[in-house]
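A look at the structure
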Amino acid sequence: MDFAYLQDMAAIDASLRRFLSDITLAVEHGLKVKILDLLTKNDDEDGYSIVQEFRDSKPKSYGRVLSYLQANRYSHDLYSKHHNEPAVWVFLEVAPFGDLSQFIEFYFSKYPSRTLATIVANMKFAKNIRNAAAHSNPILVNLFTPLEFLPHPTQAVVSEASLMNVDNLLLTDMKIHDLVALFYLNKILTSKAARVHFHEHGIRVIERFNRHSDYYQTVASIKQFTEILSNIIDYQVRN
């Protein structure tokens, strides 16, 4: 491959990962706000017992979060004061995406609701994108190849894709499938102002894809991915 093409592709991928990282941070914050809101309004919970129940059910996840709290120099006073019996708002403050997801799934098993059912159906797929972006794993490699083939897209994501004008057949690519899940969560968990900001950022990413569009005239996977991403981004500001 031509060096200029490879250099441009690497720059595009880095730009895309930065954008997706911002989205995943917003979704993570939205998840914390949502679960804390549900807990605050739940008269059967005191904000402490649910954490102890989670500890008994998911000891590894619980221990990981407490370790993060202890290791964080900015939160060390919280650990000193609360590590024996942490309140849920302290616990979730430092919970990373994976352990946050486990806590929400645990809460959902105790208090099922339609709202949480939608969130739980999408979280693990959104986490895949979060991990790829956070660890600088290339997004644009192996698109629409057997290496990424997903034989059975989840029904929730299939329904969400139709709202974004994404063909269901394209959901057999795992990255497309997971991007739909992530952006659907972003749609339902973040404010309109935040989504307008992300839409503007997303448009700049699409423009970066198109800066040297002549490089990719014969690269069908990149052209198709750009079209899909554009539809997903536009969904963020549609009613």
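Heads up: the structure comes first, above all this text.
My aim in this report is to walk through the structure given alongside it, one point at a time. (Residues numbered from 1 in each chain as written. Predicted model: local features only at pLDDT ≥ 70, side-chain atom pairs only at ≥ 80, totals over all residues. Heavy atoms only, no water.)

1. As for the overall build of the protein chain
- Within the protein chain one finds 11 helices and 0 strands.
- Scanning the protein chain from its N terminus toward the C terminus, one meets helices and strands in the order α-α-α-α-α-α-α-α-α-α-α.
- Relative to a compact globule of 239 residues, whose C-alpha radius of gyration would be 18 Å, the protein chain shows 20 Å and is just as compact.
- If you take every contact in the protein chain between residues at least 6 apart in sequence, the share linking residues at least 24 apart comes to 76%.
- Looking at the protein chain as shown, the accessible area adds up to about 12400 Å², and 53% of this sits on carbon and sulfur atoms. (Helix = DSSP H or I, 4+ residues; strand = E, 2+ residues; numbered from the N terminus. Rg over C-alpha atoms; globule rule 2.2 N^0.38 Å. Contact = heavy atoms within 4.5 Å. Areas by Shrake-Rupley, 256 points an atom, 1.4 Å probe, with all protein chains shown as cover.)

2. Digging into the nonpolar core
- Of all hydrophobic cores here, the largest spans 74 residues; its most connected members are Leu20 and Phe225.
- Per element, the largest residue contribution to this core is 12 residues, and it comes from helix H1 (residues 3-40).
- Those residues in contact with Phe225 that sit more than four places away from it in its chain are Leu16, Ile139, Leu140, Leu143, Phe144, Ile176, Leu179 and Phe209. (Core = buried A, V, L, I, M, F, W, Y, C linked by side-chain atoms within 4.5 Å. Buried < 20%, exposed > 50% of the residue type's maximum accessible area, 1.4 Å probe, protein only.)

3. Digging into the packing of aromatic side chains
- For the coordinates displayed, the defined rule picks out 11 aromatic pairs.
- With centroids separated by 5.2 Å and ring planes inclined at 50°, the aromatic side chains of Tyr5 and Tyr216 adopt a geometry described as tilted. Here Tyr5, found in helix H1, pairs with Tyr216, found in the loop between helix H10 (192-210) and helix H11 (220-235); they are 211 residues apart in sequence, far enough to count as distant.
- Summarising the aromatic geometry, the rings of Phe54 and Phe103 are spaced 5.3 Å apart at their centres and angled 65° between planes, so their arrangement reads as edge-to-face. Of this pair, Phe54 sits in helix H2 (residues 49-57) while Phe103 sits in helix H6 (residues 97-110), placing them 49 residues apart in sequence. Here Phe54 matches Phe103 in class, with each residue buried.
- Counting every residue linked through ring pairs, the aromatic cluster contains Phe54, Tyr62, Phe91, Phe103 and Phe106.
- The side chain of Lys187 reaches across the aromatic face of Tyr235, ending 4.6 Å from its centre. (Phe/Tyr/Trp six-rings, centres within 6.5 Å; stacked < 30°, edge-to-face > 60°. Lys NZ or Arg CZ within 6 Å of the ring centre and 35° of its normal.)

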